[in-house]
Amino acid sequence: EEEITKQIFEDLKHKIVSSVPAPLATSEGLHEIEITSITIPEPGFRTDTFGAQAEAQARIIAYRPEDISAFISHTVLKNDPSVTIREGSIHARFHLNDLDMDRKRAFAEMRGEASSIRHISDDELAREIAGKTHEEISAFLRQRGSVSAFRITMFPPWRKTAPKNPEKVYIIREDPN
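Computed from a predicted model, the values in this text were never measured in an experiment.

Calculation notes
- Residues numbered from 1 in each chain as written.
- Predicted model: local features only at pLDDT ≥ 70, side-chain atom pairs only at ≥ 80, totals over all residues.
- Heavy atoms only, no water.
- Helix = DSSP H or I, 4+ residues; strand = E, 2+ residues; numbered from the N terminus.
- Rg over C-alpha atoms; globule rule 2.2 N^0.38 Å.
- Buried < 20%, exposed > 50% of the residue type's maximum accessible area, 1.4 Å probe, protein only.
- Contact = heavy atoms within 4.5 Å.
- Salt bridge = Lys/Arg side-chain N within 4 Å of Asp/Glu carboxyl O.
- Core = buried A, V, L, I, M, F, W, Y, C linked by side-chain atoms within 4.5 Å.
- Phe/Tyr/Trp six-rings, centres within 6.5 Å; stacked < 30°, edge-to-face > 60°.
- Lys NZ or Arg CZ within 6 Å of the ring centre and 35° of its normal.

### Here's the deal with the overall build of the chain
Helices and strands together make up the secondary structure of the chain, namely four helices and six strands. Its C-alpha atoms give the chain a radius of gyration of 29 Å, more than 25% over the compact-globule value 16 Å for 177 residues. By its C-alpha atoms, the chain is 100 × 35 × 25 Å across when sized along the principal axes. Burial statistics for the chain: of 177 residues in total, 20% are counted as buried. When contacts within the chain are restricted to residue pairs at least 6 apart in sequence, long-range pairs at least 24 apart make up 58% of them.

Below, the structure written as structure tokens:
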């Protein structure tokens, strides 16, 4: 009986996870499987072969991954337009605390990691660079995760610092793609 229960549980778990339609996703903690009945021969019944039958029902919660991204952006990042979540960086795990399919409600706990990028405007960047030396600008840009590469050019070439007036600092952005 135990072996049949384990087998039907594993088969049903695989089937429900693989049957979620393409734009939706699910996680380990967001489904419920209930074995409703098991029919096996009575103990002491002699036969060469016997069959066993188990019935189960499953309930699953599926979600759109972009909804998780929007939820994190709204709750954690406070809808800050200068910060975005890196594509594919969300790794969430769910723990289902309560599931009531009749009332269509679930209480789940989500834990995980996500990586974000803070975007800086050209004006803000110019204010940060203004009056700094080549080395200070390099250190500032290296510490930013959203800058993949940079080149600093001072004109005239004998200048030791960037202009103190941010309006005289020129930023040229290149798309790395």
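Here the narrative resumes.
### Focus: the pattern of salt bridges
Enumeration over the complete set of coordinates arrives at six salt bridges. A salt bridge links Asp 67 to Arg 64, with the nearest nitrogen and oxygen atoms 3.0 Å apart. A salt bridge links Asp 122 to Arg 173; the nearest nitrogen and oxygen atoms lie 2.5 Å apart. A residue pair is termed long-range when its members are at least 10 positions apart, and Asp 122 in helix H3 (residues 122-129) and Arg 173 in the segment after helix H4 (134-143) qualify at 51 residues. Exposure remark for Asp 122: the relative accessible area of 34% places this residue in the partly exposed category. Ionic contacts of the salt-bridge type, sharing partners, join the residues Arg 64, Glu 66 and Asp 67 into one network.

### As for the nonpolar core
The biggest cluster of nonpolar side chains holds twelve residues, and these are Ile 120, Leu 125, Ala 126, Ile 129, Ala 130, Ile 137, Phe 140, Leu 141, Ile 152, Met 154, Ala 162 and Val 169. The set of elements that each furnish at least two residues to this core consists of H3 and H4. Look past the residues within four positions of Ile 120 in its chain and what remains in contact with it is Leu 125, Glu 128, Phe 140, Arg 144 and Arg 173. In terms of nonpolar packing, the next biggest core, distinct from the first, is built from ten residues, Leu 30, Tyr 63, Ile 72 and Val 83 among them.

### What about the packing of aromatic side chains?
Evaluated as defined, the whole model comprises one aromatic pair. Residues Tyr 63 and Phe 94 carry aromatic rings whose centres are separated by 5.4 Å and whose planes lie at 50° to one another, so their mutual orientation is tilted. Of this pair, Tyr 63 sits in the loop between strand S2 (53-60) and helix H2 (65-75) while Phe 94 sits in strand S4 (residues 91-100); the two residues are 31 residues apart in sequence, bridging distant segments of the chain. In this structure, Tyr 63 and Phe 94 share a single accessibility class: buried. When the ring centre of Phe 140 is taken as reference, the NZ or CZ atom of Lys 132 above it lies at 5.6 Å.

These results come straight from atomic positions and should not be treated as a statement about function.
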